[in-house]
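# Observations on the three-dimensional arrangement
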Amino acid sequence: MPVSSIFFIVLAGLMVLAGMFTVAVAEGFFYAWGIMLMGFGLWYGYGIVKRHYDALDRARE
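Residues numbered from 1 in each chain as written. Predicted model: local features only at pLDDT ≥ 70, side-chain atom pairs only at ≥ 80, totals over all residues. Heavy atoms only, no water.

In a regular helix each residue adds 1.5 Å, so 32 residues correspond to 46 Å; helix α2 (residues 29-60) covers 46 Å between its end C-alpha atoms and thus fits that length. Among the structural elements, α1 (3-25) are those in contact with the buried residues of α2. (Helix = DSSP H or I, 4+ residues; strand = E, 2+ residues; numbered from the N terminus. Expected span 1.5 Å × (residues − 1). Contact = heavy atoms within 4.5 Å.)

Next comes the structure, spelled out in structure tokens:
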């Protein structure tokens, strides 16, 4: 896995962590923003990992 992918996975994890802290202390609009930030971080991190494994599968064929 390239170093840039690892950097972006860490960035996605920090987004999830920031979203979790926001959800823990906020209410109303900021609560929803924290949920969306967590969701985006999970979706983005999953996409990076999926792209890596899809490339491995293409290389194997």
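Here the focus is the packing of aromatic side chains. Within this structure, the stated rule accounts for five aromatic pairs. Look at Phe-7 and Phe-8: their rings are 5.2 Å apart centre to centre, the planes differ by 70°, and that puts the pair in the edge-to-face class. Residue classification places Phe-7 among the exposed positions, given a relative accessible area of 52%. Each ring, one from Phe-40 and one from Trp-43, has its centre 5.7 Å from the other, and the planes form 45°; the classification is tilted. In this pair, Phe-40 and Trp-43 both sit in helix α2, three residues apart, roughly one turn of the helix. Each member of the aromatic cluster is reached from another via a ring pair, and the members are Phe-7, Phe-8, Phe-40, Trp-43 and Tyr-44. (Phe/Tyr/Trp six-rings, centres within 6.5 Å; stacked < 30°, edge-to-face > 60°. Buried < 20%, exposed > 50% of the residue type's maximum accessible area, 1.4 Å probe, protein only.)

Here the focus is a nonpolar patch on the surface. Taken together, Met-1, Ile-6, Val-10, Leu-14, Leu-17, Met-20, Phe-21, Val-49, Tyr-53 and Leu-56 make up a surface patch of nonpolar side chains, about 940 Å² in accessible area. Looking at the nonpolar patch, the element that brings in the most residues is α1, giving six residues. Locating Leu-17 in the fold gives a position in helix α1. (Patch = residues over 30% accessible without salt bridge, like charges linked within 9 Å, V, L, I, M, F, W, Y side chains within 5 Å. Areas by Shrake-Rupley, 256 points an atom, 1.4 Å probe, with all protein chains shown as cover. Salt bridge = Lys/Arg side-chain N within 4 Å of Asp/Glu carboxyl O.)

Next up on the list: the packing of α1 against α2. Orientation of α1 relative to α2, taken along the N-to-C sense of each, is 160°, at an axis distance of 8 Å. Comparing their axes, α2 and α1 come out roughly antiparallel. When you trace α1 past α2, the crossing you get is left-handed. Looking at the contact of α1 with α2 residue by residue, the classes come out as 19 nonpolar, six polar and no charged. (Axes fitted to C-alpha atoms, helices over the stretch in contact; angles between N-to-C directions. Parallel < 35°, antiparallel > 145°, perpendicular 65-115°, else oblique. Left-handed = near helix turned anticlockwise from the far one by under 90°. Nonpolar A, V, L, I, M, F, W, Y, C, P; charged D, E, K, R; others polar.)

A separate point is the pattern of salt bridges. Where charged atoms from two side chains of opposite charge approach closely, those side chains can pair. Under the definition given, this model contains two salt bridges. Among the salt bridges present, the one from Asp-54 reaches Lys-50, with a minimum N-O distance of 2.8 Å. On the criterion of helical spacing, the pair formed by Asp-54 and Lys-50 is a turn pair, its members being four residues apart in helix α2. One salt bridge in this structure joins Arg-60 and Asp-57, with 3.3 Å as the shortest N-O distance. Taken together, the residues span about one helical turn, with Arg-60 and Asp-57 both in helix α2 at a distance of three residues. Look at Arg-60 and you get exposed, because its relative accessible area is 66%. Judged by its relative accessible area of 36%, Asp-57 is partly exposed.

These figures come from the coordinates and say nothing about function on their own.
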